[in-house]
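# Observations on the three-dimensional arrangement
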2 protein chains.
Amino acid sequence: VSGDPFPAFAAADWGTTRLRLWLMDSEGRVLAERRSDEGMLVAAAAGFPQILERHLAAIGAAATLPVIICGMAGARQGWIEAPYVFAPASFREILGRSIAVPHEGRTVRIVPGVAQAENDAPDVMRGEETQLAGAISSLQGRTLVCMPGTHSKWVEAEAGEVKRFSTWLTGELFALLASSSILRHAIEADATISPDGAVFRDWLRQALADPGQMTAMLFRIRAAGLLQGLAQADAAAALSGLLIGCEVGSACRRFAAGSENVLLIASGPLGGLYAAALDEAGFDVTHQDAEEAVRTGLFEAGRRNFLNGGKEGPQ
Amino acid sequence: VSGDPFPAFAAADWGTTRLRLWLMDSEGRVLAERRSDEGMLVAAAAGFPQILERHLAAIGAAATLPVIICGMAGARQGWIEAPYVFAPASFREILGRSIAVPHEGRTVRIVPGVAQAENDAPDVMRGEETQLAGAISSLQGRTLVCMPGTHSKWVEAEAGEVKRFSTWLTGELFALLASSSILRHAIEADATISPDGAVFRDWLRQALADPGQMTAMLFRIRAAGLLQGLAQADAAAALSGLLIGCEVGSACRRFAAGSENVLLIASGPLGGLYAAALDEAGFDVTHQDAEEAVRTGLFEAGRRNFLNGGKEGPQ
């Protein structure tokens, strides 16, 4: 099959607000790509099958080409619920437990999310499990992973398994506070934030040193605008440093005993900000692109589900 | 003057979202009252003088009766800016530095807010200084005060002075998270929360023990709804316990060295929730009604500004 230039399947990362779709050959090479804002929220109203077929047609996918999907399309409020696999769970098990979507004419499957049923720390992920499967080899030992975003995930993986994980609302808190709280008067919500900026670093360090003071420090951003002339772009950097520092500081206390390495799976500017925060917290950072990771994970899921080779793989 | 049944002045607590107005005699007795949702946000558009005169007319205030105001009406985006007095500042100084509002026909004065210019902990208050002046006698020694609300304040007062203070966005965070974040799917935002409820107490204790884990615990409310069937009203109690516990735990670390008493200035159900949190944190609590406190403070401000007796007072 090696070198086959023909599409083997399509793969979609279908999140809350975005859809990304790739046509892949049997080696995982990307033959075509579509990006859209028709995430779960839009698709729940407009119809998942219609949106999927329109994008597949646009990239010339054959009518019978199978499709593998990960992300919020598999949530209760998505296309069809793909029941959670419970941690600890191997990537092999997670990717193998995709469920079939009733869809006329073509095979469509959705990768399940992962749930953590611990009484004291219930948690869920959808989409990140596929990124993780693409980023971590089953041969690796214990790996601590940081996946920043609207809902940041920290994951402890070992020998091809998701062991335990936690979610921080960091990205969502930033958006809410910068746009809808009293802080909006002080903050330029879409300011470009540099990981090397003095204000970002200063608030980051304070939050890392004492994450418990975060809620006490939020209002200081407003007060610093009123009393000290803190510029609105700097106020955005302060809020970002504060929230990221609080996340990393609290994750350290929860996960980092003995860890000196963190695998940072991120795309875009957020990667730089988190790399700075992890460095400041004393971690060695390995950086992997989030989109590349999810594509690799989706290929692995498609291979296991649709290609003969998948059934015989070593994992 | 004792026993005079005639109005001596009107007093208004004019906050961001509410206006409360009282007609007072020279002994501080309330002769009439008005309550309205025409707070600063409404008044900035509709006109402060028009709203004030309409309510004064409705309670039969004479055309020349003076008016004393505290709260956000004195903010930059309010009626006229009443420049901050900087902490440490005595209540005498604060109430004495009210500024005159240009207003035809009657004397109207606004009590200034208090600012804290500390480099590392800039902060501001408007309205709370008047509550404090009404609740604390100048004869008291060091008093630690907790004033819960949209923007909770903790204040260290001593011998009639505001020494230092901090603001927590607790109430605003609750409203934003319960109504506009991913948690809204899990939470009944306007559920009645009991200070004795097991869920409230459980999350409160966890947050008090480790306020730094707050942002890591937020998403658990959503996950507990998905995985453990946490009811939406209980989820509201969990978020309330978490945010109040985080505030009290972080305030303890900041203010409580050597303090075993807290003066809690609060009205309504919030008073009960904070009393439970303060008790759980090991404080002895003295509870004072917030509205009574602001009325007493406004009377003191009016007396100092409008009545002869004020000039000769002992403070």
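Residues numbered from 1 in each chain as written. Chains lettered and ligands numbered in written order. Predicted model: local features only at pLDDT ≥ 70, side-chain atom pairs only at ≥ 80, totals over all residues. Heavy atoms only, no water.

### A look at the interface of chain A and chain B
Our working definition: Contacts: residue pairs with any heavy atoms within 4.5 Å of one another. Throughout, buried area stands for the accessible area (probe radius 1.4 Å) lost by two parts on being put together, summed over both. Any carboxyl oxygen of Asp or Glu that lies within 4 Å of a side-chain nitrogen of Lys or Arg is treated as forming a salt bridge with it. Here a polar contact is recorded for every N or O atom pair within 3.5 Å, except that within protein the pair must consist of a potential hydrogen donor and a potential acceptor, and residues adjacent in sequence are included only if both atoms are side-chain atoms. For the purposes of this entry, the term helix denotes a DSSP run of H or I that reaches at least four residues, the term strand denotes a run of E that reaches at least two, and both are numbered from the N terminus.
Contacts between chain A and chain B engage 47 residues on the former and 47 residues on the latter. Contact between chain A and chain B buries roughly 3,700 Å² in total, counting both sides, with carbon and sulfur atoms accounting for 64%. Linking chain A to chain B there are zero salt bridges. Across the chain A-chain B interface, the total number found is eight residue pairs in polar contact (both at pLDDT 80 or more). Broken down by secondary-structure element, the contributors of at least two residues to the side of chain A that touches chain B are strand E9 (114–116), strand E10 (123–125), strand E13 (161–168), helix H5 (170–180), helix H7 (214–228) and helix H8 (232–255) of chain A.

### Section: the nonpolar core
Here is the rule we go by: Only buried residues count toward a nonpolar core, which is a set of Ala, Val, Leu, Ile, Met, Phe, Trp, Tyr and Cys residues joined through side-chain atoms within 4.5 Å. Three exposure classes are used, based on accessible area relative to the maximum for each residue type with a 1.4 Å probe and protein chains only: buried under 20%, partly exposed in between, and exposed over 50%.
Of all hydrophobic cores here, the largest spans 106 residues; its most connected members are Trp154, Leu177 and Leu239 of chain A together with Trp154, Leu177 and Leu239 of chain B. Discounting residues that sit within four places of it in the chain, Leu239 of chain B has contacts with Phe174, Leu177, Ala178, Leu183, Ile187, Leu218 and Ile221 of chain B. Core analysis: the next-biggest nonpolar cluster, separate from the first, contains 36 residues, Phe91, Val114, Phe306 and Leu307 of chain A among them.

### Some details on the relation of the copies chain A and chain B
Quick reminder of the rule: Our superposition of the copies is a least-squares fit, built on the C-alpha atoms of residues whose pLDDT is at least 70 in both.
For the pair chain A and chain B, the superposition axis carries a translation of 0.0 Å, the fit reaches an RMSD of 0.0 Å, and the rotation angle comes to 180 degrees. On the angle and the small slide along the axis, the relation comes out as a two-fold axis. Across chain A, the rotation axis passes nearest the C-alpha of Gly212 of chain A, at a separation of 1.7 Å. Comparing interface residues between copies, 100% of those in chain A also lie at the interface in chain B; the contact surface is shared.

### Comments concerning the side chain of Ser98 of chain A
Residues and elements named next belong to chain A. Inspection of the secondary structure assignment puts Ser98 in the loop between helix H3 (91–96) and strand E7 (99–101). For Ser98, the side chain forms a polar contact with the side chain of Arg109, separated by 2.8 Å. Side-chain polar atoms of Ser98 contact the side chain of Asn305, separated by 2.8 Å. Ignoring anything within four residues of it in the chain, the contact list for Ser98 reads Ile68, Arg109, Ile110, Val111, Pro112 and Asn305.

### Here's the deal with unusual backbone geometry
Residues and elements named next belong to chain A. The amide bond that connects Ala87 to the next residue, Pro88, takes the cis arrangement and shows omega of 0 degrees. One non-glycine residue, Ala159, lies in positive phi territory at about 50 degrees. Structurally, the position occupied by Ala159 is in the loop between strand E12 (152–158) and E13.

### With respect to the sheet that holds strand E6 (residues 89–90) of chain B
Stated precisely, the cut-off is as follows: Criterion used throughout: strands pair if DSSP finds at least two bridges between them. For every element, the axis is a line fit to its C-alpha atoms; helices are fit only across the contacting stretch, and the angle between N-to-C directions ranges from 0 to 180 degrees.
Across the sheet, which stays open at both edges, the six strands sit in the order E6-E13-E12-E11-E14-E15 (chain B) with mixed pairing between neighbours. Each edge of the open sheet is held by one strand with a lone partner, namely E6 and strand E15 (284–288) of chain B. Note: strand E11 (residues 143–147) of chain B against strand E12 (residues 152–158) of chain B, five bridges, orientation antiparallel. In the sheet register, Val145 of chain B faces E12 of chain B, and the bridge partner there is Val155 of chain B. On top of the sheet, H7 of chain A reaches E12 and strand E13 (161–168) of chain B; it is set at about 105 degrees to E13 of chain B, its chief contact. Packed onto the sheet, helix H8 (residues 232–255) of chain B meets E11, E12 and E13 of chain B and runs at close to 145 degrees relative to E13 of chain B.

### Remarks on the state of the cysteines
Residues and elements named next belong to chain B. So the rule is basically this: Note on terminology: pairs of cysteine sulfur atoms within 2.5 Å are recorded as disulfides.
This model, assessed by the stated rule, comprises zero disulfides over all chains. With no disulfide of its own, Cys146 lies 10.0 Å from the sulfur of Cys252, the closest cysteine sulfur. Exposure remark for Cys146: the relative accessible area of 0% places this residue in the buried category.

### Some thoughts on helix H9 (residues 269–280) of chain A
Residues and elements named next belong to chain A. Which entries qualify depends on this criterion: Multiplying 1.5 Å by the residue count of a helix minus one yields the expected span of that helix.
Taking 1.5 Å of rise per residue, 12 residues should cover 16 Å, and H9 covers 17 Å from first to last C-alpha, within 8% of that figure. Regarding H9, the residues found buried are Gly271, Leu273, Tyr274, Ala276, Ala277 and Leu278. Taken from the residues just after H9, Gly282 is the one with a positive phi, measuring 95 degrees.

### Let's talk about the sheet that holds strand E5 (residues 85–86) of chain A
Residue and element names in this part refer to chain A. Within the open sheet, the three strands sit side by side as E5-E9-E10. Their pairing is mixed. In this open sheet, the two strands that pair with only one neighbour each are E5 and E10. Two strands pair when backbone bridges link them, and E9 and E10 are joined in this way by three bridges, in the antiparallel orientation. Paired with Ala115 across the bridge in E10 is Val124.

### Notes on the environment of Pro49 of chain B
Residue and element names in this part refer to chain B. Position of Pro49 relative to the elements: it lies in helix H2 (residues 48–58). You can call Pro49 partly exposed: its relative accessible area is 28%. Pro49 has contacts with Trp79 and His103, leaving out every residue within four places of it along the chain.

### Examining the pairing of strand E14 (residues 261–265) of chain A
Residues and elements named next belong to chain A. Inclusion rule: Handedness of a crossover is defined as follows: orient the strands so they point away from the viewer, and if the path from the first strand over the helix to the second runs clockwise, the crossover is right-handed.
Here E14 lies mainly inside the structure; four of its five residues are buried. The sheet contact formed by strand E11 (residues 143–147) and E14 spans three bridges and is parallel. Counterpart to Leu144 in the pairing with E14 is Val262. Pairing between E14 and strand E15 (residues 284–288): five bridges, direction parallel. Each residue of the ladder has a partner; that of Ile265, found in E15, is Gln288. Between E14 and its parallel partner E15, the chain crosses via H9, and the hand of that crossover is right-handed.

### A short note on the packing of aromatic side chains
Residue and element names in this part refer to chain A. Note the threshold: In this analysis, rings of Phe, Tyr and Trp, with Trp reduced to its six-membered ring, are considered paired at centre separations within 6.5 Å, and the interplanar angle assigns stacked below 30 degrees, edge-to-face beyond 60, and tilted for intermediate values.
Considering all chains together, one arrives at 14 aromatic pairs over all chains under this definition. Considering the side-chain rings of Trp14 and Trp79, the 6.2 Å spacing of their centres and the 70 degrees angle between planes classify their relative orientation as edge-to-face. Placement of the pair is Trp14 in strand E1 (residues 7–14) and Trp79 in the loop between strand E4 (67–70) and E5, with a sequence separation of 65 residues. Exposure remark for Trp14: the relative accessible area of 0% places this residue in the buried category.

### Digging into the pattern of salt bridges
All names here are of chain B. Evaluation of the coordinates by the stated rule reveals 36 salt bridges over all chains. In this structure, the salt-bridge partner of Arg35 is Glu33, at a minimum N-O distance of 3.2 Å. Relative accessible area serves as the criterion here: at 47%, Arg35 is assigned to the partly exposed category. For Glu33, a relative accessible area of 36% corresponds to the partly exposed category. In this structure, Glu156 and Arg164 form a salt bridge, with 3.4 Å as the shortest nitrogen-oxygen distance.

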